[in-house]
Amino acid sequence: MRSRKVPIEIGLKRRFLAECDYPEDKSTARCWLWKGKMTGDYGAMSIGGSTFQAHRVSYALYRGQPRTDMVVDHRCRNKACVNPDHLEQVTVAENARRYLGAAKTKDDKSRTLDDMKVLEIKKRLRDGDDPKEIAKAFGITVKHLGKIRRGTSWGHVVLGDE
């Protein structure tokens, strides 16, 4: 299926940024999480009566119009991310290769988590909840929880106040 060109309209960047959780300095190191409408695991944005994937809108706004025969891949592997520095235009075949490669390298504990669960874990850690209880609630080990706390695992997921 061919993707459509993103229509760039006046005020689109302002509307786009209003739906993102990004650092004030617009740091490129961490993910900018989409807070708006979601279609499955991906952010979605309405433009001119049509819905577009938010990461493709980001790419169009910051990098230029993506080719319609290419996909915009999340190098960070975070489908809710719209940080233009985490996005890259690739072929469908390359995107599938990367996806399968990422799935093979994740350990079993990582597969039980997603960005929203890790965000909740980090909030509970910040609030002083018992690490053993948190680990049990999310089906992970206390050792893995420590890696999340230190940022050596899931480091791309950052609380807004970190």
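Look up a bit, the structure's there.
Everything quoted here is computed from the prediction, not taken from an experiment.

**Q** Quick question: what am I supposed to make of the overall build of the chain here?
**A** When helices and strands are tallied, the chain shows seven helices and seven strands. Taking the contacts inside the chain whose residues are at least 6 apart along the sequence as the reference set, 52% of them involve residues at least 24 apart. Surface exposure of the chain reaches about 9,500 Å², of which carbon and sulfur atoms provide 50%.

**Q** Is there a simple way to think about the pairing of strand β4 (residues 42-47) in this case?
**A** Looking along a regular strand, one sees side chains alternate from face to face of the sheet. Of the pairings in the sheet, the one linking strand β3 (residues 38-39) to β4 comprises two bridges and is antiparallel in character. Bridge pairing in β4 links Thr39 to Tyr42. Joining the antiparallel neighbours β3 and β4 is a turn of two residues, in which Gly40 adopts a positive phi near 65°. Counting the residues between successive antiparallel strands, the hairpin from β4 to strand β5 (residues 50-53) contains two residues, one of them, Gly48, with a positive phi of roughly 60°.

**Q** How should a positive patch on the surface be read in this particular structure?
**A** Together, Lys143, Lys147, Arg149 and Arg150 make up a positively charged patch on the protein surface. Its location among the elements puts Arg149 in helix α7 (residues 142-150).

**Q** Help me understand unusual backbone geometry in this model?
**A** Most peptide bonds are trans, and most residues other than glycine sit at a negative phi. Look at Arg77: it is not a glycine, yet its phi comes out positive at around 65°. With a phi angle near 60°, Trp154 is a residue other than glycine that sits in the positive phi range. By secondary structure assignment, the location of Trp154 is in the segment after α7.

**Q** Please explain the packing of helix α5 (residues 115-126) against α7 as it appears in this structure.
**A** Helices that pack against each other are described as a pair by the angle of their axes relative to one another and the distance between those axes. Orientation of α5 relative to α7, taken along the N-to-C sense of each, is 85°, at an axis distance of 10 Å. By the angle between their axes, α5 is roughly perpendicular relative to α7. Judged by residue contacts, Val118, Ile121, Lys122 and Leu125 of α5 engage Leu145, Ile148 and Arg149 from α7. Among the residues forming the contact of α5 with α7, the class breakdown is five nonpolar, no polar and two charged.

**Q** I would appreciate a short explanation of the state of the cysteines in the present structure.
**A** A covalent bond between the sulfur atoms of two cysteines is what we call a disulfide. What the rule picks out here adds up to zero disulfides. Not part of a disulfide, Cys20 finds its nearest cysteine sulfur in Cys81, a span of 9.0 Å. The exposure class assigned to Cys20 is buried, which follows from its relative accessible area of 4%. The cysteine Cys76 is free of any disulfide, with Cys31 supplying the nearest cysteine sulfur at 3.7 Å.

Each value, and the rule that gives it
Residues numbered from 1 in each chain as written. Predicted model: local features only at pLDDT ≥ 70, side-chain atom pairs only at ≥ 80, totals over all residues. Heavy atoms only, no water. Helix = DSSP H or I, 4+ residues; strand = E, 2+ residues; numbered from the N terminus. Contact = heavy atoms within 4.5 Å. Areas by Shrake-Rupley, 256 points an atom, 1.4 Å probe, with all protein chains shown as cover. Pairing = 2+ DSSP bridges. Patch = residues over 30% accessible without salt bridge, like charges linked within 9 Å, V, L, I, M, F, W, Y side chains within 5 Å. Salt bridge = Lys/Arg side-chain N within 4 Å of Asp/Glu carboxyl O. Lys, Arg positive; Asp, Glu negative; His and termini not counted. Charge placed at Lys NZ, Arg CZ, Asp CG, Glu CD. Axes fitted to C-alpha atoms, helices over the stretch in contact; angles between N-to-C directions. Parallel < 35°, antiparallel > 145°, perpendicular 65-115°, else oblique. Nonpolar A, V, L, I, M, F, W, Y, C, P; charged D, E, K, R; others polar. Disulfide = S-S within 2.5 Å. Buried < 20%, exposed > 50% of the residue type's maximum accessible area, 1.4 Å probe, protein only.

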